[in-house]
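Understanding the architecture of this molecule
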Amino acid sequence: MSFRQLFDPASSTYTYLLADDATHVAVLIDPVVEQLDTYLKLLREHGLALHYTLETHVHADHITGAQAIKQALVDQPALQTAVSRDCNAQGFDCYLTDGDVILFGHEEIMVIATPGHTPGSVSYLWRDRLFTGDCLLIGGCGRTDFQGGSAEAQYHSITTRLFALDDNVLVYPGHDYKGRRVSSIGEEKVLNARVTGRSLPEFVATMNSLGLPAPARIHEAVPANLMGGTVPPAHHAAADIPVLNISATQLSKFWLPGKRPASMTLLDVRTPAEFATLHVDGAVNRPLDRLDASGLRATLNAEDTIYCICQTGTRSQFAARELRAAGFRNVVHVDGGTNAWQSAGLPVKRDS
Ligand SMILES: N[C@@H](CCC(=O)N[C@@H](CS)C(=O)NCC(=O)O)C(=O)O
Ligand SMILES: [Fe+2]
């Protein structure tokens with residue numbers, strides 16, 4: 001087997017190349033789009049066929065190279081881009097869940113759900129090596145203050161899922177900001193500044209008071225990564241446009257069955273599958289990757305109020321900015337999305 005740890009200095013991201021020497025089949029974990037040429041050169045030099053790109057989560061600080069690699073390797077039809085189902089992303093070939101086993105050549109990788117940094121974060125276990133993404137970092141862990149993150153979930157992922165592995169398992173993180181490259185489960189159990197000797201409430205209190213600035217590229221990276229790493233031009237143009245927020249409870253005061261003004265529209269920008277499972281009654285489904293903001297101007301008035309809703313309130317912000325960029329003046333995104341609507345005990349509709 002071959003193994004390479006690659007580094008993107010702009011985002012301090014680690015990308016991992018795993019290869020089965022017997023069959024010359026390889027996998028890339030967390031490729032960064034700017035490093036495309038490095039990956040292609042390595043694959044070519046080692047005569048490797050890439051079978052998977054694997055995301056540990058929807059990244060907030062860089063754009064995944066998944067889509068760019070797929071386009072560059074059209075001659076390798078076995079290549080599949082993969083992400084965890086709980087990331088609620090679109091534009092990938094394969095959606096993974098906890099316990100899935102990914103086969104490449106004679107090798108296998110196990111998917112371990114490790115939510116916390118994001119709800120869809122996973123770690124990958126290959127032989128004695130664990131790729132933790134931004135769940136467990138060396139001496140620390142990923143932040144939990146955006147993208148639907150949860151400090152409680154992170155604590156459980158680290159202490160009950162990852163620390164249950166053998167002490168000798170090597171920990172390869174998604175980032176390191178201080179040049180450290182590898183650790184082990186045994187070391188992290190005793191030396192992790194965030195987790196070692198800390199109770200759940202202590203951990204949560206620390207995570208909720210980090211006060212870190214948002215990643216510089218978050219408004220560009222998240223929407224692109226939710227769509228497999230493509231960068232729709234509209235998102236670039238719309239990135240800096242402010243949009244209004246409303247809470248689910250506030251919306252419920254206007255969004256009453258039978259009493260909704262014709263000048264109000266509720267756009268649900270989740271995938272059709274998410275929409276079918278459960279949605280706010282009266283919402284219209286327009287998945288973010290197919291949202292034709294300019295086209296909507298033909299059917300809706302620029303003065304109409306358009307509420308955008310998704311699952312947790314991330315995708316809806318990007319949809320809202322696109323609508324604003326297309327000329328709609330009253331665009332509001334629903335904080336916390338359908339999750340918040342449901343948690344507030346408001347009525348939902350399920351397609352059976
Ligand atoms: N300065 C970085 C921020 C990086 C950042 O926030 N990274 C996330 C992972 S996506 C994190 O969890 N960092 C943990 C930490 O900084 O302690 C940027 O602008 O990209
Ligand atoms: Fe991250």
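Above this note sits the structure.
Here we summarise the structure given alongside this text. (Residues numbered from 1 in each chain as written. Chains lettered and ligands numbered in written order. Predicted model: local features only at pLDDT ≥ 70, side-chain atom pairs only at ≥ 80, totals over all residues. Heavy atoms only, no water.)

For the rest of this paragraph, the subject is the pattern of salt bridges. A full pass over the atoms with the stated rule returns 14 salt bridges. A salt bridge links Arg315 to Glu274, with the nearest nitrogen and oxygen atoms 2.9 Å apart. A residue pair is termed long-range when its members are at least 10 positions apart, and Arg315 in helix α11 (residues 315-325) and Glu274 in helix α9 (residues 272-277) qualify at 41 residues. This pair shows no difference in class: Arg315 is buried, exactly as Glu274 is. Between Asp289 and Arg290 there is a salt bridge; the shortest N-O distance is 3.9 Å. What makes Arg290 exposed here is its relative accessible area of 55%. Through salt bridges with shared partners, a single ionic network connects Glu34, Arg217 and Glu220. (Salt bridge = Lys/Arg side-chain N within 4 Å of Asp/Glu carboxyl O. Helix = DSSP H or I, 4+ residues; strand = E, 2+ residues; numbered from the N terminus. Buried < 20%, exposed > 50% of the residue type's maximum accessible area, 1.4 Å probe, protein only.)

By definition of the ideal shapes, a tetrahedral metal site with four donors has angles of 109.5 degrees and an octahedral site with six donors has angles of 90 or 180 degrees. Every protein donor of the iron ion (ligand 2) is listed here as His57 (NE2), His117 (NE2) and Asp134 (OD), and their distances to the metal cover 2.0 to 2.3 Å. Geometry at the iron ion (ligand 2) is irregular, judged from its 4 donor atoms and the angles of 90 to 165 degrees they form at the metal. Motif for the iron ion (ligand 2), donor spacing along one chain: H-x59-H-x16-D. In this pair, His57 sits in the loop between β4 (49-54) and α2 (66-72) while Asp134 sits in the loop between β10 (129-133) and β11 (136-137), placing the two residues 77 residues apart along the sequence. Of the residues examined, Asp134 reaches a relative accessible area of 7% and is grouped as buried. (Donors = N, O, S within 2.8 Å, 3.2 Å for Na, K, Ca; no water. Tetrahedral: all angles 85-135°; square planar, octahedral: opposite > 155°, others 65-115°.)

With that out of the way, let us pick up the packing of aromatic side chains. Considering all chains together, one arrives at 11 aromatic pairs under this definition. Between Tyr16 and Tyr172, the ring centres sit 5.5 Å apart and the planes meet at 70 degrees, which makes this aromatic pair edge-to-face. Separated by 156 residues along the polypeptide, Tyr16 in strand β2 (residues 13-20) and Tyr172 in strand β13 (residues 170-173) bring together distant segments of the chain. Taken individually, Tyr16 and Tyr172 each receive the classification buried, so the pair is uniform in this respect. Of note, Arg129 hangs over the ring of Phe3, and the distance from its end group to the ring centre comes to 4.6 Å. Here the guanidinium or amino end of Arg297 rests over the ring plane of Phe328, the centre of that ring lying 5.5 Å away. (Phe/Tyr/Trp six-rings, centres within 6.5 Å; stacked < 30°, edge-to-face > 60°. Lys NZ or Arg CZ within 6 Å of the ring centre and 35° of its normal.)

Taken across its 8 residues, β2 has 8 buried, putting it largely inside the fold. Residues Thr13, Thr15, Leu17 and Ala19 line one face of β2 and the alternating positions Tyr14, Tyr16, Leu18 and Asp20 line the opposite face, and both faces are buried. Here strand β1 (residues 2-8) runs beside β2; their pairing, made up of 7 bridges, is antiparallel. When the bridges of β2 are listed, Leu6 appears paired with Thr15. Pairing analysis gives 5 bridges linking β2 to strand β3 (residues 25-29), with the strands arranged antiparallel. What sits directly across from Tyr16, in β3, is Ile29. If you look at the hairpin formed by β2 and β3, you'll find 4 residues sitting between the two strands, and His24 has a positive phi there, around 60 degrees. (Pairing = 2+ DSSP bridges.)

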